[in-house]
Amino acid sequence: MGRFAAFTAQLSSSTLPYLFALSGAAYLALILLPQGGAIAELCGTLTVSDLGRLLLTAPWLVSPGQLAFDWGVMVVAMMTPLIAPLLSHARRSVTAERRWAATIAFLGAYWAVWWASFLMIFPLAIALTTVTGDDAGFPAALLIAMIYSASPAAQRARNACHVRLRIGAHVFQDSARQGFFTGLRCIAACWPWMLVPLTVVTGHTALMAVIAFYLFADRITPPAQPGWQIPPAFETLFGPTAWRAGSFGAKTAR
Amino acid sequence: MTRTRTDIAKLGGPWSETMVWYARAVGELRTRAFDQPTAWTYLAAIHGVDFQGWLNQNILPPNPPIPQEARRIFNQCQHAGWFFLPWHRGYLHAFEAILGDWIASQGGPGDWALPYWNYLNTNDPNARDIPSEFVDATFDGGTTNPLSQATRGPATTLGPQAWIPVDISLNAQTETIYTSDPGTLGYGGPISGFAQQGNAFGGNESDPHNLVHVMVGGDNSPSPQGWMFDPNFAALDPLFWVHHCNIDRLWAAWMTSAAHSQETSRPWRNGPFPRQFTMPDANGNLNVFIPSETLPGEALAPTYDDLVDGTGIPPAASGGPAMVSAAPPTAGPSRLIGVNDQSLTVTGTQVRSRLAMSAAPTQTLGAVGGQQRVFLNVEGVKGQSASGVVNVTLTAPGADPGDAGPEATKTLVFFGLANATSVEGPHGGSGLSQIVDITEIATRLMSDGQVDALDAHLAQPEGGGAELTVDRISIYIREEP
Ligand SMILES: [Cu+2]
């Protein structure tokens, strides 16, 4: 009960409820939009490797606008709840009149970077399913994501996700810069997890929600010394006993 | 059984029974291996551990046994945020219980309690001297004294020195609100947790807590600094515990005043998530605690012999503090009115940074001194030294800081700087922020006429240590209730 109480109390603070509302709206859009969402639909009828072949052989059958739009909605749905502390930082660092400007600049830049990651993640997904075959794509992506989450590189990226930058007199630029770098670092921490939903044919939206939940559990863990470890999200989800292994200790100059 | 914590100076020492048993217990705990939850090194590592540094200084033997729960239990210390006071209260409770258990088992007093160093007691002319029990080479008729087995700086008494030209004070005790609005000073620090990152010091934590750490631990540059100078070594020094006991008592005293508002919102009471506060008990079992358990009347609330001497708080009338929840965290009644032009590097040579004051500065600052307080924020300070000291002088734009009186200069102390700078560690890489009240300075500068800018002149005193960087300097105002 203690853990749950601490969790819900933290959930209710700061901008987090609003960020969840934005995220929820994006999920609704994915489910309710007439086409059902291009990525969702395409994942419902075509595999990613099919799509890769299609792009190479008959690209006019693929609507890039629809793909880009749906990826954008997916990013808003999954990635928005991850940035509450840094959004708070931007909002706290400006005058009340500029708070909306800071918010819009931060979120805009953050979403934009994530949106652009499509150019990296989508080819990777195609490459992966081409190598593994369509049936093995999902377990392969999951395995890659798990191994990466346990790695020192992922911890380094996770730590960087918490770093605040200067928000000075140029509120819009500085907030956008914070959003941009937070987005880049967030991609570095999460990218293999975005391959996973692209490798399934059915249950796409549900899988997205599960992964987004996992990434949230991952992100709220405090910074730690990089090292091989059980992915920190497991400690969030199952308590400290899942968190036994791994290195410790801050290395600092004196 | 009630453990009543007593002023070292009132124990009838030197070497009162309480202090003799403290020394013996420290000696015993130092013989225990690193993986024992009741070992001296284990308990100190709960606060913070620089593993390689401890090996280098032979604090740990080569290849020590590492407890499997190391990642969960070590490096927990909560600094620069609103969990500073409750976390350290739980920490002291665990420490006292472990020592008390061993002391009772050896035939010592069953109600042994951690004593405190009452350094701000103006009734005691020697209050600021490091108590002699922590300096004597031997005790108990010739045994090596474990209480003096610590690396410290040259200072034997607390107070301003050339490299840290500022004195300890009870100023924090007059702050009325526990949780500060953004950019302003509160008693207990800004909100921190997974949705908010504070990283600015509260009033008590800033002065006297940080100042005592740094005054006792520095300045041995460039040889290793004293343990108290570095959060990853500090709790190895037996002096740490009697210092923190006094810090905790200041909070206990502060909470007796009906004029003060103690934080009790759910995110504070329930503590952080997912990493929760965890302490060992005398049997070596690990237990989670939450901040609400540290409030008066709860399980972890301590008992002190006295809450008046050296606390700045008059004897309690009745009723105790108001228990209130913080204002909405992102807004609050505080307002940003000035921000500097760029981030800067601070060395021993003075560097200037200009702050542009926002619209209608004469209006906002004209009212200063009455209902408003003005706060200087030095934010995102990073550096490779374990702790750092910076002098900030405020002047009108273009004015010579040499002409400004000494009252125009504030000395800021950043305890745990390297920790907060490292992106490789558990404290993140955003640096530290310090907030000071500059109402008087601002009032005086404004009285000279309309000012749409201010200059801040920064330098490390006495040529300084390793260079520091400052992300931002800003000024906030707050309407006082
Ligand atoms: Cu301390």
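Residues numbered from 1 in each chain as written. Chains lettered and ligands numbered in written order. Predicted model: local features only at pLDDT ≥ 70, side-chain atom pairs only at ≥ 80, totals over all residues. Heavy atoms only, no water.

### Section: the coordination of the copper ion
And step 1. Surrounding the copper ion are the protein donor atoms His209 of chain B (NE2), His213 of chain B (NE2) and His244 of chain B (NE2), which sit 1.9 to 2.2 Å from the metal.
And step 2. A relative accessible area of 0% places histidine 209 of chain B in the buried class. (Donors = N, O, S within 2.8 Å, 3.2 Å for Na, K, Ca; no water. Buried < 20%, exposed > 50% of the residue type's maximum accessible area, 1.4 Å probe, protein only.)

### Section: the pairing of strand β11 (residues 351-357) of chain B
Residue and element names in this part refer to chain B.
And step 1. Where strand β9 (residues 335-340) and β11 come together, 3 bridges link them in antiparallel fashion. Bridge pairing in β11 links glycine 338 to methionine 357.
And step 2. Of the strand pairs in this sheet, β11 and strand β16 (residues 453-459) are connected by 6 bridges, and their pairing is antiparallel. Along β16, the bridge assignment pairs serine 353 with alanine 456. (Pairing = 2+ DSSP bridges. Helix = DSSP H or I, 4+ residues; strand = E, 2+ residues; numbered from the N terminus.)

### Focus: the interface of chain B and chain A
And step 1. Chain B puts 63 residues into the contact, and the matching count from chain A is 58 residues.
And step 2. For the pairing of chain B and chain A, the buried interface totals around 5200 Å² over both sides, and the portion due to carbon and sulfur atoms is 54%.
And step 3. Put simply, chain B and chain A have 0 salt bridges between them.
And step 4. Residue assignment for the side of chain B that touches chain A shows that the elements contributing at least two residues are α4 (70-73), α8 (266-269), β9, α10 (417-421) and β17 (468-479) of chain B.
And step 5. Its residues assigned to classes, the side of chain B that touches chain A shows 24 nonpolar, 28 polar and 11 charged. (Contact = heavy atoms within 4.5 Å. Buried area = accessible area lost by both parts, 1.4 Å probe. Salt bridge = Lys/Arg side-chain N within 4 Å of Asp/Glu carboxyl O. Nonpolar A, V, L, I, M, F, W, Y, C, P; charged D, E, K, R; others polar.)

### Some thoughts on helix α6 (residues 203-217) of chain B
And step 1. The end-to-end C-alpha distance of α6 of chain B, which contains 15 residues, comes to 21 Å, matching closely the 21 Å that a straight helix rising 1.5 Å per residue would cover.
And step 2. Within α6 of chain B, 15 of the 15 residues are buried, which leaves it mostly tucked inside the rest of the structure. (Expected span 1.5 Å × (residues − 1).)

### Examining the pattern of salt bridges
Residues and elements named next belong to chain B.
And step 1. Taken as a whole and judged by the stated rule, the model has 18 salt bridges over all chains.
And step 2. When the shortest N-O distance is used, the salt bridge between arginine 5 and glutamate 96 registers 2.9 Å. With a gap of 91 residues between them, arginine 5 in strand β1 (residues 4-5) and glutamate 96 in helix α5 (residues 84-105) connect regions that are remote in the sequence. For the pair shown, arginine 5 and glutamate 96 are each scored as buried.
And step 3. Between aspartate 140 and arginine 24 there is a salt bridge whose closest N-O contact spans 2.9 Å. Of this pair, aspartate 140 sits in the loop between β2 (138-139) and β3 (143-144) while arginine 24 sits in helix α1 (residues 17-30), and the two are 116 residues apart along the sequence.
And step 4. By relative accessible area, which is 38% here, aspartate 140 ends up partly exposed.

### Details of the state of the cysteines
And step 1. Following the criterion strictly, the structure yields 0 disulfides over all chains and no others.
And step 2. Cysteine cysteine 190 of chain A is unpaired, with the sulfur of cysteine 186 of chain A as its nearest cysteine sulfur at 4.1 Å. (Disulfide = S-S within 2.5 Å.)

### Quick word on the pairing of β9 of chain B
Residue and element names in this part refer to chain B.
And step 1. Across the 6 residues of β9, 5 count as buried, placing the element largely inside the fold.
And step 2. In this structure, β9 lies alongside β17, joined through 4 bridges in antiparallel fashion. Residue pairing across strands places arginine 335 opposite isoleucine 477, the latter belonging to β17.

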